[in-house]
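Descriptive analysis of the structure
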Amino acid sequence: MSIHENLLGGPAPTHLPDDPEPRELLAAGTPPAEVAAKYPTSSLAWAQLADEAFEGGRVVESYAYARTGYHRGLDALRRAGWKGHGPVPFEHEPNRGFLRALHALARAAGSIGETEEHERCSTFLRDSSPTAADILS
């Protein structure tokens, strides 16, 4: 038996490949819009744009940014072998952009009265990573 074998019988955790350039640019203070323009597949850049828009009271803009980051993240998850369910651990740093975008989408959806989407995204976040749900909420 392998030390990494999943004894619960569910799908193995999905770990996105590392893409350090967008993360490093954001950490260095590069505006998220510049990072998203240079790295449009970076869920992290879109999530940060969503957070900034939400904090600035621009909820519809936040929703749009979050939806973009969410869909970019879904594309990356599928390329990494994700089959539509299973853990996406927050502890794996490259997964955080997707999880942050998912949280931002749930938050913005709730703010504009999209109750069904808010609940779906909130459940998806908790099912993917209870840690992310606790930290981001």
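Residues numbered from 1 in each chain as written. Predicted model: local features only at pLDDT ≥ 70, side-chain atom pairs only at ≥ 80, totals over all residues. Heavy atoms only, no water.

Description of the environment of E52
With respect to the helices, strands and loops of the structure, E52 is situated in helix α3 (residues 43-55). Under the relative-accessibility criterion, E52 is labelled partly exposed at 37%. Ignoring sequence-local partners within four residues, the contact set of E52 consists of P32 and R58. (Helix = DSSP H or I, 4+ residues; strand = E, 2+ residues; numbered from the N terminus. Buried < 20%, exposed > 50% of the residue type's maximum accessible area, 1.4 Å probe, protein only. Contact = heavy atoms within 4.5 Å.)

A closer look at the packing of helix α4 (residues 59-79) against helix α5 (residues 96-111)
With their axes 8 Å apart at the nearest point, α4 and α5 run at an angle of 145° to one another. Note that α4 runs across α5; the crossing there is left-handed. Contact with α4, carried on its side by V59, S62, Y63, A66, R67, G69, Y70, G73, L74 and L77, involves F98, A101, L102, A104, L105, R107, A108, A109 and S111 of α5 and no other residues of that element. Taken together, the residues that form the contact of α4 with α5 break down as 13 nonpolar, 4 polar and 2 charged. (Axes fitted to C-alpha atoms, helices over the stretch in contact; angles between N-to-C directions. Left-handed = near helix turned anticlockwise from the far one by under 90°. Nonpolar A, V, L, I, M, F, W, Y, C, P; charged D, E, K, R; others polar.)

Remarks on the nonpolar core
Judged by nonpolar contacts, the single largest core of 24 residues is most densely connected at Y70, L74, L77, F98, L99, L102 and F124. For this core, the secondary structure elements donating two or more residues are α4, α5, α6 (115-128) and α7 (130-136). A total of 8 residues in this core trace back to one element, the largest contributor, which is α5. Beyond its immediate stretch of four places on either side in the chain, Y70 contacts F98, A101, L102, L105, R120 and F124. L26, V35, L44 and A45 belong to the second-largest nonpolar core, a separate cluster that totals 8 residues. (Core = buried A, V, L, I, M, F, W, Y, C linked by side-chain atoms within 4.5 Å.)

Some words on the layout of surface pockets
Considering only enclosed or pocket space, the largest pocket measures out at about 420 Å³ in volume. Around the largest pocket, the lining is made up of 23 residues, and of these L16, P17, D19, S43 and P94 lie nearest the centre. In terms of residue class, the lining of the largest pocket is built from 10 nonpolar, 5 polar and 8 charged. (1 Å grid on protein atoms, 1.4 Å probe; cavity = no way out; pocket = protein on both sides within 12 Å on 5 of 7 lines; lining within 4 Å. Points joined across faces, edges and corners; volume = space filled by probe spheres on them.)

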